[in-house]
Amino acid sequence: MAGGEVGPAIGIDLGTTNSCVAVWQNDRVEIIVNDQGNRTTPSYVAFTDTERLVGDAALYQVLKNPTNSIFDAKRLIGRRFSDNIVQIDMRMWPFKVIEGVDDKPMIVVTHEGQEILFAAEEISSMVLEKMREIAEKYLDSPVKSAVITVPAYFSDSQRQATRNAGEIAGLKVMRIINEPTAAAIAYGLEQRAGWYGKRTVMVFDLGGGTLDVSLLNICSGVFETLATAGDTHLGGGDFDNRMVQFCVEEFKKKHSLDVSGNPRALGKLRNACEKAKMRLSFVSSVDIELDCLDQGTDFYLTFTRAKFEQLNMEFFNKCMEPVHKCLKDANMDISVVHDVVIAGGSSRIPKVKQLLRDLFKGKNLCESINPDEAIAYGAAVQAAILSGNGNGKLQYFTLLDVIPMSLGVARYNDVMQFVIQRNTNIPVRKNTTMYTRSDYQSKILFEVFEGESESTLYNNFLGEIMLEDIPMAPKGYPFVVCFDVDENGILKVFAEDKSTGQKKGITIMSE
């Protein structure tokens, strides 16, 4: 691909709460400011009677238009409506989500007097389009190509849906890379840690909606992921929700008024709680004051850091679980980790940092890179290399990433036959052989899953292939099933009857 792209290629961190765009220019990464002069842009899209707003403009009007202001699209992307996580989230959102075709969640908005349905990837594409426009204005040239980041623990369907969002936004998605890997690139280049001697680095990336933990070796420009773990539904938004629930209960206690069904009041509370959470990283207490929260009644509350930590302690402890899992998967002890790098806005929370330091027996955390910008930085580096613009400083750069979840095919009695184990380096291609279960079968079904359970009942169903008109043979007739994971972590599977040459395959799409 090198040298084949026209014009600059950008790196985009498509975040749950905020997004960031960067470009490699003059032998360094430039984080691009938006039209408001900000280095990050809210991942918000709003619909009014007259226009569609994206970014800061959408966020500014959220309190007066809560039901048509969409955020958290990343929490919906590539998921099913029936997913328990989606059902829980829906209770906290002021906007409406309904079940679409094939169990796909659809966001309902009123725009220019009409009710319209959008899929999460369409909302995300509007944010990506905004990031592309920000880059084009700065570079004063069209931008066609981008590297987009995703949580390392994103499933195949979530990755495919993110790629689709990029294409809807008019971008050629050169690569989908994992967020913690991108943060490690930023750290390695800024510190020059990777160019002289080998270092083992753990990246702890806690954002607005997702947590990723990755363990990497960085040596002479080679960034090799050893293991990755995480939670695609744990982040700053969950901490905000706990605060909002507490405020709703306090208001009910004091004034006998229940605002849980009032989108405008909930929007005000969410906005105030998010700001309070951010301030509590630097001060020990903050006042929340909201005039006329409901029925002319004001709301006043002093929120202490201790109260914030008490409400969210369950989540903070949960944040440490992937750290243990990642070390275990890599068969490593904490003593061999040279650096613990934090990324993502929520990694600023003092309690999270304290728990991490305690886990690593007092080791200082590496806070030299900006947690809001590190992921876009790494994406811009990868974009420069893929577009052939990374000569000089980046000429020895190599990225070796892994798949986050094991992949396999269903055998009889819902048994999972693993084909590719999690934390295998990508790209990768592996075959397995499957056999007919009865004499003279005329067709055979192959069901594809991802997950770690021995039973497919507890894994994610990805898709299926049906081979028909197969030879009338006794049971035990063999078929080759091939799994192919590309450098984006996107899976293609095909099944083949070697004797007849019949071959069918699927690329696992977000639907």
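One can find the structure itself at the top, above this paragraph.
Keep in mind the model is a prediction, meaning the values are calculated, not measured.

Student: Quick question: what am I supposed to make of the side chain of Thr 456 here?
Tutor: By secondary structure assignment, the location of Thr 456 is in the loop between strand S24 (443-450) and strand S25 (460-468). Judged by relative accessible area, which is 5%, Thr 456 ranks as buried. Setting aside its immediate chain neighbours within four residues, Thr 456 contacts Ala 410, Asp 414, Val 415, Met 416 and Phe 449.

Student: Would you mind showing me how to read the pairing of S24 here?
Tutor: The side chains of a regular strand alternate, first on one face of the sheet and then on the other. Taken together, the three bridges between strand S20 (residues 407-410) and S24 define a ladder with antiparallel strand orientation. Counterpart to Leu 407 in the pairing with S24 is Glu 450. Alignment of S24 against S25, held across eight bridges, turns out to be antiparallel. Its bridge partner being in S25, Phe 449 is matched across the sheet by Phe 461.

Student: Sorry if this is basic, but what is going on with the layout of surface pockets here?
Tutor: To find leftover empty space, a probe the size of one water molecule is rolled over the atoms. Of the volumes computed, that of the largest pocket is approximately 1,100 Å³. Together, 44 residues line the largest pocket, and Thr 17, Asn 18, Glu 274, Met 278 and Asp 372 are the ones closest to its centre. Contributing elements (two or more residues each) for the lining of the largest pocket: strand S2 (18-25), helix H1 (56-60), helix H6 (236-255) and helix H7 (263-279). Considering every element that reaches the lining of the largest pocket, the biggest residue donor is H7, with six residues. By residue class, the composition of the lining of the largest pocket is 13 nonpolar, 17 polar and 14 charged.

Student: Looking at this structure, how should I read helix H4 (residues 156-168)?
Tutor: Within an α-helix, residues lying three or four positions from one another point in the same direction, as the helix has 3.6 residues per turn. Across its 13 residues, H4 extends 18 Å between first and last C-alpha, which sits within 8% of the 18 Å expected from 1.5 Å per residue. Within H4, eleven of the 13 residues are buried, which leaves it mostly tucked inside the rest of the structure. Among all positions in H4, only Asp 156, Ser 157, Gln 158, Arg 159, Gln 160, Ala 161, Thr 162, Arg 163, Asn 164, Ala 165 and Gly 166 are buried. One or two steps after H4, the chain reaches Gly 170, where phi turns positive at roughly 85°.

Student: Is there a simple way to think about the nonpolar core in this case?
Tutor: One broad trend across soluble globular proteins is that nonpolar side chains are buried collectively. In this structure, Phe 204 and Phe 303 are the most contacted members of the largest nonpolar core, which totals 55 residues. Beyond its immediate stretch of four places on either side in the chain, Phe 303 contacts Met 243, Phe 246, Cys 247, Leu 280, Ser 284, Ser 285, Val 286, Ile 288, Phe 308 and Leu 311. Core analysis: the second largest hydrophobic core is formed by 47 residues, Val 54, Val 109, Ile 148 and Ala 165 among them.

Student: I keep staring at the packing of aromatic side chains and nothing clicks. Help me out?
Tutor: In this description, a pair of aromatic rings is defined by centroid distance and the angle of the planes. One pass over the full model with this rule turns up 13 aromatic pairs. Ring centres of Phe 71 and Phe 95 lie 5.4 Å apart, and the angle between their planes is 90°; this geometry places the pair in the edge-to-face category. One end of the pair, Phe 71, is in the loop between strand S7 (69-70) and helix H2 (84-90); the other, Phe 95, is in the loop between H2 and strand S8 (96-99), with 24 residues separating them in the sequence. Note on accessibility: Phe 71 and Phe 95 belong to one class, buried. Each ring, one from Phe 239 and one from Phe 315, has its centre 6.1 Å from the other, and the planes form 50°; the classification is tilted. In this pair, Phe 239 is assigned in helix H6 and Phe 315 in helix H8 (residues 305-329), connecting sequence segments 76 residues apart. With respect to burial, Phe 239 and Phe 315 carry one shared label: buried.

Student: What am I meant to see in the environment of Lys 252 here?
Tutor: In this structure, Lys 252 sits in helix H6. Excluding anything up to four places from it in sequence, Lys 252 contacts Leu 257 and Asp 258.

Student: Sorry if this is basic, but what is going on with the sheet that holds strand S5 (residues 45-47) here?
Tutor: In any sheet, the strands associate via hydrogen bonds between backbone groups, in a parallel or an antiparallel arrangement. With antiparallel pairing, three strands are arranged side by side in an open sheet as S6-S5-S7. The sheet terminates laterally at strand S6 (52-54) and S7, the two strands that pair on one side only. For S5 and S6, the ladder comprises three bridges, and the chain directions are antiparallel. Across the sheet, residue Val 45 finds its bridge partner in S6, namely Val 54.

Student: Looking at this structure, how should I read the environment of Pro 427?
Tutor: Its location among the elements puts Pro 427 in the loop between strand S22 (425-426) and strand S23 (428-435). Residue class for Pro 427 comes out exposed when judged on its relative accessible area of 56%. The sequence separation of Pro 427 and Val 45 amounts to 382 residues, and the corresponding C-alpha distance is 35 Å. Residues within four places of Pro 427 in sequence aside, it is in contact with Val 485, Asp 486 and Glu 487.

Student: Which parts of the structure should I look at to understand unusual backbone geometry?
Tutor: Residues Ile 426 and Pro 427 are joined by a peptide bond in cis, for which omega reads 0°. Phi is positive for Asp 469, close to 55°, though the residue is something other than glycine. Within the secondary structure layout, Asp 469 lies in the loop between S25 and strand S26 (478-485). Judged by relative accessible area, Asp 469 falls into the exposed class, the value being 71%.

Analysis parameters
- Residues numbered from 1 in each chain as written.
- Predicted model: local features only at pLDDT ≥ 70, side-chain atom pairs only at ≥ 80, totals over all residues.
- Heavy atoms only, no water.
- Helix = DSSP H or I, 4+ residues; strand = E, 2+ residues; numbered from the N terminus.
- Buried < 20%, exposed > 50% of the residue type's maximum accessible area, 1.4 Å probe, protein only.
- Contact = heavy atoms within 4.5 Å.
- Pairing = 2+ DSSP bridges.
- 1 Å grid on protein atoms, 1.4 Å probe; cavity = no way out; pocket = protein on both sides within 12 Å on 5 of 7 lines; lining within 4 Å.
- Points joined across faces, edges and corners; volume = space filled by probe spheres on them.
- Nonpolar A, V, L, I, M, F, W, Y, C, P; charged D, E, K, R; others polar.
- Expected span 1.5 Å × (residues − 1).
- Core = buried A, V, L, I, M, F, W, Y, C linked by side-chain atoms within 4.5 Å.
- Phe/Tyr/Trp six-rings, centres within 6.5 Å; stacked < 30°, edge-to-face > 60°.

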